[in-house]
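Residue-level structure breakdown
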Number of protein chains: 2
Amino acid sequence: MRIPFSNMADASWPECAKCLKGVILDLCGVLYDSGEGDGVAIPGSAAAVKKLKESDLQLRFCTNETQATREKFVAKLQRLGFDISVSEVFPPAPAAIAVLKERGLRPHLLVHNGLLNEFVGVDQTNPNCVIIGDAAENFSYKNLNEAFTVLIGLEKPVLFSLGQGRYYKETDGLKLDVGVYTKALEYACDLKAEVIGKPSPTFFQSVLNDMGLQPNEVLMIGDDLVNDVGGAQHCGMKGVQVRTGKYRPSDEKHPTVKADGTVDNLAQAVDMILSQRRR
Amino acid sequence: MRIPFSNMADASWPECAKCLKGVILDLCGVLYDSGEGDGVAIPGSAAAVKKLKESDLQLRFCTNETQATREKFVAKLQRLGFDISVSEVFPPAPAAIAVLKERGLRPHLLVHNGLLNEFVGVDQTNPNCVIIGDAAENFSYKNLNEAFTVLIGLEKPVLFSLGQGRYYKETDGLKLDVGVYTKALEYACDLKAEVIGKPSPTFFQSVLNDMGLQPNEVLMIGDDLVNDVGGAQHCGMKGVQVRTGKYRPSDEKHPTVKADGTVDNLAQAVDMILSQRRR
């Protein structure tokens, strides 16, 4: 489903910025690069966030981060110099908890230790679904077998995947992401996981609902062509890719996803947006 | 590709036994059940193997076992009372080594510690492919990342999967099999693995070559409907399923694979084959 544009239909980047009412930013690879400790802020990004906040545009942050609670990684971003608060940030875990409540499900968790606190208060007895996140070192043979055993024992197995990333880069090398282990469990149990997080349209829509805006009034800026840019476009938003984070030159020749614009970094994107709106 | 039958075209089970010149048996789930120590022989199987050996039929054993060297698991079967020798057994590892030689490839191994001795003498420096077997506890996050890093660093990544099983049963519960982790690496690297082992036609053909027989002269007996029975049928052999090992009643209503016959166990299959041949 691709929702038709209305007043932005033929406004290409950066002209479309004139009609915008809100901007959604990805975090890792746009605001900062992850790594040892807190990682490092991408030059100019903190100032760019500040400029957006001083403008008349609404601002939200949409991330597939699942290695820590919202409070923890927002605190990290604040230490890196960003003006950001927990209520502005949309990661998959709280969205997953809302789905569990809605459907009366009790999860078995295959997630990072840092995420467990998000699920305090969620009934996990006698689980009737599995939630898989970027569990990193917790992706042991034993833990995979446990999650599999829960799923295969259910009459109607339900698997929620917090994102569907393939891999990401850390200072000591490439690391496999949640999507890879989701595919493993999908094959083992002959099922299809429900993705909660980007690029799920439901997930983007929850951010739009919070802003009270229509998709054609909002621009997504991210470093992941498929999950950020393509996901946002699929919902009817514009999507701009930054040449930071996991950006690769081959993204600009991708067979199916074409960004509305490609910029060197967030600072450049924000300057282009705001200069359009001053005209 | 389904090779047409010739003289066995309309001979259904067990009548087809009259024209047979050879039988191929799966090991685990047909001869014995795995578990603590050596596992246990399935009642009547040792005697059934003996009867086949005393007949005019050729006999081979075709297995996706990759947790031990051929010598080790043949010794185990001998301890369980089976008349079986190493030269009669076809597991994936030696077939993989033949492929490596043929194509000048040097593997990075993600396999069970018990299998490493099969690869002594195989050049593993500066690897240009990955071989994945049923690595069990060796399927750690660290080891998966290592195999992934090798693959993603190759210009043309090559992944060999020793079988494509989903899971198997041990005394302490269900265990994820190699196919599950193959799917994980396939997704991570956006590639398709080459399967060495059942149900690969090349693998079955190597057994037929060793027997010097045509597919329509040979019957495969296994507990795995898709990999044993379906794989053999795909090569033009007949395939009979035993109701031991990983057999499940739902196999008899499988949407795509229909065994030529289903029997309670190997002993019954062999009695039916031999009684047909006596007529």
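Residues numbered from 1 in each chain as written. Chains lettered and ligands numbered in written order. Predicted model: local features only at pLDDT ≥ 70, side-chain atom pairs only at ≥ 80, totals over all residues. Heavy atoms only, no water.

**Points about the packing of aromatic side chains**
- This model, assessed by the stated rule, comprises eight aromatic pairs over all chains.
- Where Phe148 of chain A meets Tyr167 of chain B, the ring centres are 5.0 Å apart and the plane angle is 50°; that geometry is what we call tilted. You can see Phe148 of chain A sitting in helix α4 (residues 141-152) and its partner Tyr167 of chain B sitting in strand β9 (residues 167-170), one on each of two chains.
- Under the relative-accessibility criterion, Tyr167 of chain B is labelled buried at 19%.
- Members of the aromatic cluster, connected to one another through ring pairs, are Phe139 and Tyr181 of chain A together with Tyr141 of chain B. (Phe/Tyr/Trp six-rings, centres within 6.5 Å; stacked < 30°, edge-to-face > 60°. Helix = DSSP H or I, 4+ residues; strand = E, 2+ residues; numbered from the N terminus. Buried < 20%, exposed > 50% of the residue type's maximum accessible area, 1.4 Å probe, protein only.)

**Looking at the interface of chain B and chain A**
- If you look at the interface, chain B gives 27 residues, while chain A gives 27 residues.
- On the surface where chain B and chain A come into contact, there are zero salt bridges.
- In this structure, the connection of chain B to chain A is made through eight residue pairs in polar contact (both at pLDDT 80 or more).
- Examining the composition of the side of chain B that touches chain A, we find that seven residues originate from one element, helix α5 (residues 178-189) of chain B, more than from any other.
- A class-by-class count of the residues in the side of chain B that touches chain A yields 15 nonpolar, six polar and six charged. (Contact = heavy atoms within 4.5 Å. Salt bridge = Lys/Arg side-chain N within 4 Å of Asp/Glu carboxyl O. Polar contact = N/O pair within 3.5 Å; in protein donor to acceptor, adjacent residues only side chain to side chain. Nonpolar A, V, L, I, M, F, W, Y, C, P; charged D, E, K, R; others polar.)

**Examining the side chain of Asp223 of chain A**
Residue and element names in this part refer to chain A.
- Structurally, Asp223 can be placed in the loop between β12 (218-222) and α7 (225-234).
- For Asp223, which is buried and forms no salt bridge, the nearest opposite charge comes from Lys246, at a distance of 5.7 Å.
- Within the structure, the side chain of Asp223 is placed 2.9 Å from the backbone nitrogen of Lys246, a separation counted as a polar contact.
- Sequence-distant contacts of Asp223, defined by excluding residues within four places in its chain, comprise Asp26, Cys28, Gly29, Val30, Asp228, Gln241, Val242, Thr244, Gly245, Lys246 and Tyr247. (Lys, Arg positive; Asp, Glu negative; His and termini not counted.)

**Some words on the relation of the copies chain B and chain A**
- Each copy superposes on the other: chain B lies on chain A with an RMSD of 0.1 Å after a rotation of 180° and an axial shift of 0.1 Å. The symmetry that links the two subunits is that of a two-fold axis.
- In this assembly the copies share their binding face: 100% of the residues contributing to the interface of chain B also contribute to that of chain A. (Least-squares fit on C-alpha atoms with pLDDT ≥ 70 in both.)

**Comments concerning the nonpolar core**
- If you look at the biggest cluster of nonpolar residues, it comprises 53 residues, and the most contacted ones within it are Tyr181 of chain A together with Tyr181 of chain B.
- Elements with a contribution of two residues or more to this core: β7 (129-132), α4 and α5 (178-189) of chain A together with β7 (129-132), α4 (141-152), β9 and α5 of chain B.
- Tyr181 of chain A has contacts with Ile132, Phe139, Leu144 and Leu176 of chain A together with Tyr141, Leu144 and Tyr181 of chain B, leaving out every residue within four places of it along the chain. (Core = buried A, V, L, I, M, F, W, Y, C linked by side-chain atoms within 4.5 Å.)

**Observations regarding the domain arrangement of chain A**
All names here are of chain A.
- Per the domain assignment, the segments of chain A are domain 1 (15-64 + 199-278) and domain 2 (93-195).
- Distance between the C-alpha centres of domain 1 and domain 2: 27 Å.
- The interface is formed by ten residues belonging to domain 1 together with seven residues belonging to domain 2.
- Carbon and sulfur atoms make up 46% of the area that domain 1 and domain 2 hide from each other, which totals about 630 Å².
- Here domain 1 and domain 2 share zero salt bridges between them.
- Here domain 1 and domain 2 share zero residue pairs in polar contact (both at pLDDT 80 or more) between them.
- Here the residues of the side of domain 1 that touches domain 2 are counted per class, giving two nonpolar, five polar and three charged. (Domains from an automatic or database assignment. Buried area = accessible area lost by both parts, 1.4 Å probe.)

**Some remarks on helix α6 (residues 201-211) of chain A**
Residues and elements named next belong to chain A.
- Those residues of α6 lying buried are Phe203, Phe204, Val207, Leu208 and Met211. One side of α6 carries all its buried residues, which in axial view fall inside an arc of 140°. The exposed residues of α6 that point more than 90 degrees off its buried face are Thr202 and Asn209.
- Along its buried surface, α6 packs onto β1 (22-25), β4 (58-62), β5 (89-90), α3 (92-103), β12 and α7.
- Trailing α6 by a residue or two, Gly212 shows a phi angle of about 70°, which is positive. (Arc of directions from axis to C-beta.)

**Remarks on the sheet that holds β5 of chain A**
All names here are of chain A.
- If you walk across this open sheet you meet the six strands as β5-β4-β1-β12-β13-β14, and the pairing is parallel. Only two strands of the sheet have a single partner each, and these edge strands are β5 and β14 (261-263).
- Pairing analysis gives four bridges linking β1 to β4, with the strands arranged parallel. Bridging across to β4, Gly22 finds its partner in Gln58.
- The sheet strands contacting helix α8 (residues 266-278) are β1, β12, β13 (238-242) and β14, and the helix crosses β12 at an angle near 160°. (Pairing = 2+ DSSP bridges. Axes fitted to C-alpha atoms, helices over the stretch in contact; angles between N-to-C directions.)

**Quick word on the packing of helix α1 (residues 45-54) of chain B against helix α8 (residues 266-278) of chain B**
All names here are of chain B.
- Direction vectors running N to C along α1 and α8 enclose 25°, while the axes themselves pass 8 Å from each other. Relative to α8, the element α1 is oriented roughly parallel. Note that α1 runs across α8; the crossing there is left-handed. Packed against α1, whose contacting residues are Ser45, Ala48, Val49, Lys51 and Leu52, the element α8 presents Leu266, Ala267, Val270, Asp271 and Leu274 at the interface.
- When the residues that make up the contact of α1 with α8 are grouped by side-chain class, the tally is seven nonpolar, one polar and two charged. (Parallel < 35°, antiparallel > 145°, perpendicular 65-115°, else oblique. Left-handed = near helix turned anticlockwise from the far one by under 90°.)

**Things to note about α1 of chain B**
All names here are of chain B.
- Burial in α1 covers these residues: Ser45, Ala48, Val49 and Leu52. Axial view of α1: buried residues confined to an arc of 100°, hence all on one face.
- On its buried side, α1 packs onto β1 (22-25), β4 (58-62) and α8.

**A short note on the side chain of Asp134 of chain A**
- Topologically, Asp134 of chain A is positioned in the loop between β7 and α4.
- No salt bridge is formed by the buried Asp134 of chain A; the nearest opposite charge belongs to Lys175 of chain A, separated by 9.3 Å.

**Remarks on empty space enclosed by the protein**
Residues and elements named next belong to chain B.
- The tally for this structure, following the rule as stated, stands at one cavity of 30 Å³ or more.
- The calculated volume of the largest cavity comes to roughly 50 Å³.
- Of the residues forming the lining of the largest cavity, the biggest block, four residues, is contributed by α5. (1 Å grid on protein atoms, 1.4 Å probe; cavity = no way out; pocket = protein on both sides within 12 Å on 5 of 7 lines; lining within 4 Å. Points joined across faces, edges and corners; volume = space filled by probe spheres on them.)

**Topic: the packing of α4 of chain A against α5 of chain A**
Residue and element names in this part refer to chain A.
- As a packed pair, α4 and α5 sit with axes 10 Å apart at the nearest point and diverge in direction by 40°. Viewed along their axes, α4 and α5 adopt a mutual orientation that is oblique. Considering how the two elements wind past one another, α4 and α5 form a crossing that is right-handed. Only Tyr181, Leu185, Ala188 and Cys189 of α5 make contact with α4, whose side of the interface consists of Leu144, Ala147, Phe148, Leu151 and Ile152.
- Within the contact of α4 with α5, the residues separate by chemical class into nine nonpolar, no polar and no charged.

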